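# Observations on the three-dimensional arrangement
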Amino acid sequence: MRRQAAYGIAYITPGMLIFLVFCIAPIFMTVFYSFTQYNLAQPPEWINLENYQKVFTNSQLRRALFNTVIYVIITVPLQTLLAMFVANFLAEYLNNRYGRFLRSVIFIPTLASYVAAASVWEVILASKGGLLNEILGIFGVGPFNWLGEPTSALICVSLVAVWKSVGYFTIIFYAGIMNVDVSVREAALIDGATPSQRFWKITAPLLKPITYLNVTLGIIWSFQAFDIVYKLTGGGPFGATSTVAYIIYAYAFQDFRIGYASAVAVLLLLVILIVHFIQQRFFEGKED
């Protein structure tokens with residue numbers, strides 16, 4: 001038993017060291033730097049709660065938080081519902097080789113990085129010569145400055161994020177649907193339940209744990225949105241697409257205000273934890 005324990009410790013030690021160095025240690029370092037004034041060139045100077053006091057009076061950060069909340073409100077429900085409906089359609093009507101091909105096609109955007117996906121959509125949504133405007137021009141519509149207008153820019157960024165991640169959540173939902181007891185669905189079919197009734201009365205309730213997982217991942221990833229904003233809009237126009245994660249990057253690596261950026265990052269972590277707690281209570285209430 002001691003030999004087996006030694007083997008186990010030897011196997012998990014490299015992974016644990018990587019986790020501690022690159023995940024746990026940065027969290028504690030961020031919390032420490034949030035109480036300091038630090039610009040990478042000089043040693044950190046302890047300033048107590050001064051960074052946090054500035055955070056709550058920062059109008060730019062309030063705008064970024066508002067944009068992030070709108071981004072979450074658009075992306076999370078849309079990608080969750082769309083993934084659930086697509087997964088149910090594949091399980092109900094295309095549980096064959098054509099369905100396998102379609103699942104592969106839907107999952108392809110997930111394999112690309114956010115930067116690569118954003119680069120493709122940057123060309124499609126370009127105001128001059130963009131593919132979408134060229135197609136609309138055939139019908140005498142447009143052109144539109146999709147990424148240059150404050151309202152449309154945030155919506156476009158959100159929809160691109162949905163396109164990028166919906167395949168991932170579809171596969172998770174599909175796996176959950178396929179694990180539903182076949183006899184339950186067959187009994188509903190024998191009783192004359194319509195496809196809509198089978199979905200809302202049987203499939204959706206049985207998928208609550210999967211839905212909880214997908215919503216949790218969606219919220220966390222949406223609050224951390226950075227890559228797609230950085231590549232598509234750079235936070236513009238006029239800060240209309242600046243998210244909290246993008247603001248943290250700008251403060252840290254453009255303004256070199258590491259301490260202030262760390263304070264914003266700590267507050268973002270607290271916001272995510274609060275939202276997750278509310279979401280957990282909501283799902284527990286639904287189960288009760």
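Relevant structure appears above.
Report follows, based on the coordinates. (Residues numbered from 1 in each chain as written. Predicted model: local features only at pLDDT ≥ 70, side-chain atom pairs only at ≥ 80, totals over all residues. Heavy atoms only, no water.)

## Some remarks on the side chain of S242
Residue placement: S242 occurs in the loop between α11 (227–232) and α12 (244–253). Residue classification places S242 among the buried positions, given a relative accessible area of 10%. A polar atom in the side chain of S242 sits 3.1 Å from the backbone oxygen of G235. In this view, S242 contacts R63, A64, N67, G235 and I247; residues no more than four positions away in its chain are not counted. (Helix = DSSP H or I, 4+ residues; strand = E, 2+ residues; numbered from the N terminus. Buried < 20%, exposed > 50% of the residue type's maximum accessible area, 1.4 Å probe, protein only. Polar contact = N/O pair within 3.5 Å; in protein donor to acceptor, adjacent residues only side chain to side chain. Contact = heavy atoms within 4.5 Å.)

## Quick notes on the nonpolar core
V55, F223, I248, Y251, V264 and L268 are the most contacted members of the largest nonpolar core, which has 26 residues in total. Elements supplying a minimum of two residues to this core: α2 (50–55), α3 (59–93), α10 (208–223), α12 and α13 (258–287). It is α13 that contributes the most residues to this core, ten residues altogether. Among all residues touching Y251, those that are not within four sequence positions of it are N58, Q60, F256, R257, Y260, A261 and V264. (Core = buried A, V, L, I, M, F, W, Y, C linked by side-chain atoms within 4.5 Å.)

## Digging into helix α7 (residues 150–178)
Helix length check: α7 (29 residues) gives 42 Å between terminal C-alpha atoms against 42 Å at 1.5 Å per residue, within 8%. Residue S165 marks the point of greatest curvature in α7, where the axis turns by about 40°. (Expected span 1.5 Å × (residues − 1). Bend = angle between axes of the 7 residues up to and from the residue.)

## So, the pattern of salt bridges
Following the criterion strictly, the structure yields two salt bridges and no others. A salt bridge links E50 to K54; the shortest N-O distance between them is 3.4 Å. With E50 and K54 both in helix α2 and four residues apart, this pair spans about one turn of that helix. K54 gets classed as partly exposed once you look at its relative accessible area, which sits at 40%. Linking E122 and K231 is a salt bridge whose minimum nitrogen-to-oxygen distance equals 2.6 Å. With E122 in helix α5 (residues 114–124) and K231 in helix α11, this pair connects stretches of sequence that are 109 residues apart. (Salt bridge = Lys/Arg side-chain N within 4 Å of Asp/Glu carboxyl O.)

## Quick word on the packing of α3 against α10
In a pair of packed helices, the angle between the axes and the distance between the axes together describe the arrangement. Here α3 crosses α10 at 150°, and the two axes come no closer than 9 Å. Relative to α10, the crossing made by α3 is right-handed. Where α3 abuts α10, its residues T68, Y71, V72, T75, V76, Q79, T80 and M84 lie against T211, V215, G218, I219, S222 and F223. Here the residues of the contact of α3 with α10 sort into seven nonpolar, seven polar and no charged. (Axes fitted to C-alpha atoms, helices over the stretch in contact; angles between N-to-C directions. Left-handed = near helix turned anticlockwise from the far one by under 90°. Nonpolar A, V, L, I, M, F, W, Y, C, P; charged D, E, K, R; others polar.)

## Remarks on the packing of α3 against helix α9 (residues 195–206)
At a minimum axis separation of 12 Å, α3 and α9 run at an interaxial angle of 120°. When you trace α3 past α9, the crossing you get is right-handed. Across the interface between the two elements, M84, F85, N88, E92 and Y93 from α3 touch P195, R198, F199, W200 and T203 from α9. Each residue belonging to the contact of α3 with α9 can be placed in one class, and the counts come to six nonpolar, two polar and two charged.

## Overview of the packing of aromatic side chains
Under the criterion given, the structure shown has 20 aromatic pairs. Seen from their ring centres, F85 and W200 are 6.0 Å apart, and the 75° between their planes marks the pair as edge-to-face. Here F85, found in helix α3, pairs with W200, found in helix α9; they are 115 residues apart in sequence, far enough to count as distant. By relative accessible area, F85 is classed as partly exposed at 38%. Ring centres of Y168 and F169 lie 5.5 Å apart, and the angle between their planes is 85°; on these two criteria the pair is classed as edge-to-face. Its relative accessible area of 30% is what places Y168 among the partly exposed residues. Here F169 falls in the buried class, since its relative accessible area comes to 1%. An aromatic cluster is defined as three or more aromatic residues linked by ring pairs; in this entry it consists of F32, Y33, F35, Y38, W46 and Y52. Between the NZ or CZ atom of R257 and the centre of the ring of Y251, over which it lies, the distance is 5.3 Å. Between R257 and the ring centre of Y260, over which it is positioned, the NZ or CZ distance is 4.4 Å. (Phe/Tyr/Trp six-rings, centres within 6.5 Å; stacked < 30°, edge-to-face > 60°. Lys NZ or Arg CZ within 6 Å of the ring centre and 35° of its normal.)

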